[in-house]
Every structure is written in structure tokens, then in C-alpha cells.
Amino acid sequence: EITETTGQRFVKSIGEEPDTDRRWVFPRSFQKRMRWDRKDNIFLGNQNFTSQDALDIIIPAFNRMIDEVIIDGASKGNNTGPNGNDIKFVDQILPVNLGGGTEPAPFNVAKMLAAKEILKHVEALNPEALAMGDKLCCMVNANMITALLNDEKVINRDYNLIAPLMDGEITRYAGITFVPTEKLPKDDEDRYLAIFYMKSGLRYHPWDNRLIRTGEDEDRSFA
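Residues numbered from 1 in each chain as written. Predicted model: local features only at pLDDT ≥ 70, side-chain atom pairs only at ≥ 80, totals over all residues. Heavy atoms only, no water.

Caption draft 1: Inspection of the side chain of Asp217 at higher detail. Mapped onto the elements, Asp217 comes out in the segment after β6 (195–198). Here Asp219 takes part through its backbone nitrogen, which lies 3.1 Å from a polar atom of the side chain of Asp217. Among residues more than four places away in sequence, those in contact with Asp217 are Arg33, Arg35, Phe222 and Ala223. (Helix = DSSP H or I, 4+ residues; strand = E, 2+ residues; numbered from the N terminus. Polar contact = N/O pair within 3.5 Å; in protein donor to acceptor, adjacent residues only side chain to side chain. Contact = heavy atoms within 4.5 Å.)

Caption draft 2: Summary view of the pattern of salt bridges. Across all of its chains, the model carries four salt bridges by this definition. Here Asp217 makes a salt bridge to Arg35, at a shortest N to O gap of 3.1 Å. In this pair, Asp217 is assigned in the segment after β6 and Arg35 in the segment before α1 (40–43), connecting sequence segments 182 residues apart. In this structure Asp217 comes out as buried when scored by relative accessible area, which is 12%. Asp190 is the partner of Lys186 in a salt bridge, and the nearest nitrogen-oxygen pair spans 3.2 Å. The class of Lys186 is partly exposed, set by a relative accessible area of 41%. A cluster of three or more residues bridged by salt bridges with shared partners is formed by Arg33, Arg35 and Asp217. (Salt bridge = Lys/Arg side-chain N within 4 Å of Asp/Glu carboxyl O. Buried < 20%, exposed > 50% of the residue type's maximum accessible area, 1.4 Å probe, protein only.)

Caption draft 3: Looking closely at unusual backbone geometry. Unlike most non-glycine residues, Glu123 shows phi in positive territory, near 60 degrees. Within the secondary structure, Glu123 sits in the loop between α3 (109–121) and α4 (127–131). On the basis of relative accessible area, Glu123 is assigned to the exposed category, the value being 64%. A positive phi angle, close to 55 degrees, is found at Ser221, a residue other than glycine. Position of Ser221 relative to the elements: it lies in the segment after β6.

Structure below.
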């Protein structure tokens, strides 16, 4: 909030601490080690494993782990406080039901618009942010996309000037960009949680480059 002054000349300024939420960032490290025996090309049917084979296995697994780290930060506890010992949880979980009833609805346009309204209320989704390149995103899995493609408001031309189902896929709707992942968490009732966020509000910062090395293991017959 801005403090109103009296309008007098040479008024003494009042210093205030910035009213912001700050979170400590603690790096996490991961490793993966695999072995190939020199005789695998004989015992496993002429499979000559190479360094590229290792990359083809490790890199996709590494990328999935990145997804898990990001999703954990967006949906679970985050370390905060002066010493990083306080856990701050994301507590904005929005249940949206069909017709105001008690039965949970599948992922649909109503849920998307409700989440969008929340971000508008806190002024995260505004024309200035969008003009600067920010955008509203939503992490979804394959099941959510299927549910959305069964929503009448998505597939009916009465609601859309351009049909989004030419190839049976949808990557953006109602100003929301979908980010596909199969690593979404579940709530207490075993239902997947879609994660809405502004692109500027969710950061991933690798603290070190991934290191991939290949070599012989003398203790394993030079595997």
C-alpha cells in the first residue's frame, strides 16, 4: 500500500521493507549408473551398446525427473523462512462441480475459467503482463485432454469460430496454454490435479550442467 503524504515540502520519507514472499532455493542432485557387459552382444542377441544408447536412455529419464521437481515445487511444500526450515504449502486447490452439485466434474471449460478468474483477482493475469510476453499455462495429462475434448463448449461450433479438433489434439483454449505431463499429483480422493500458473511465476533453474561419462569398470571385467 502507498502512504499518502501531507503535501508539505521536505517531508521526511518513511522506509518500509518490501512486502514480498521470498523462498529459499535448495539444490537437489540426481544420478544414474548403468552397466553393459562386454559379452552382451553375444548373450543378448547381437546388441552392441554404445554411448549413444546410454544417452537415449538417460536423457528422457532426466527430463521426466525435471518435470517431477518442477511439479513438486508448484503443488507441494516449499522451503521458506530465515533458515529455510519452514515448509510453505500451495493451498489453493479449487474444486469445481457440474451444475453446483456435489459430484466432481472432469476437467472442463468451467474449471479453466474458474482458475483464470482467481489469477485475475490477484492481478497476475492482466493486459500489461500479457503484453510483456507472460502467459497463462496449465499442466494437464492425457486423461484431462480427453475429458476436455468431450466438453460441449470445446467441440461445438456454436461456441468456437475455429474448430480445435482438426487433428484430435488441443494445445491452447480460452487463452490457456496446455503443458502436457504424466507426472501430475493426486488429491486425497485419488483425483489428478491440474496446475494453473503464470509463466513468469514458475521458475526452473539448473544449478549445474548434467554430466554424462562412459568408461570401463575394472571390477566388473571391464564392463
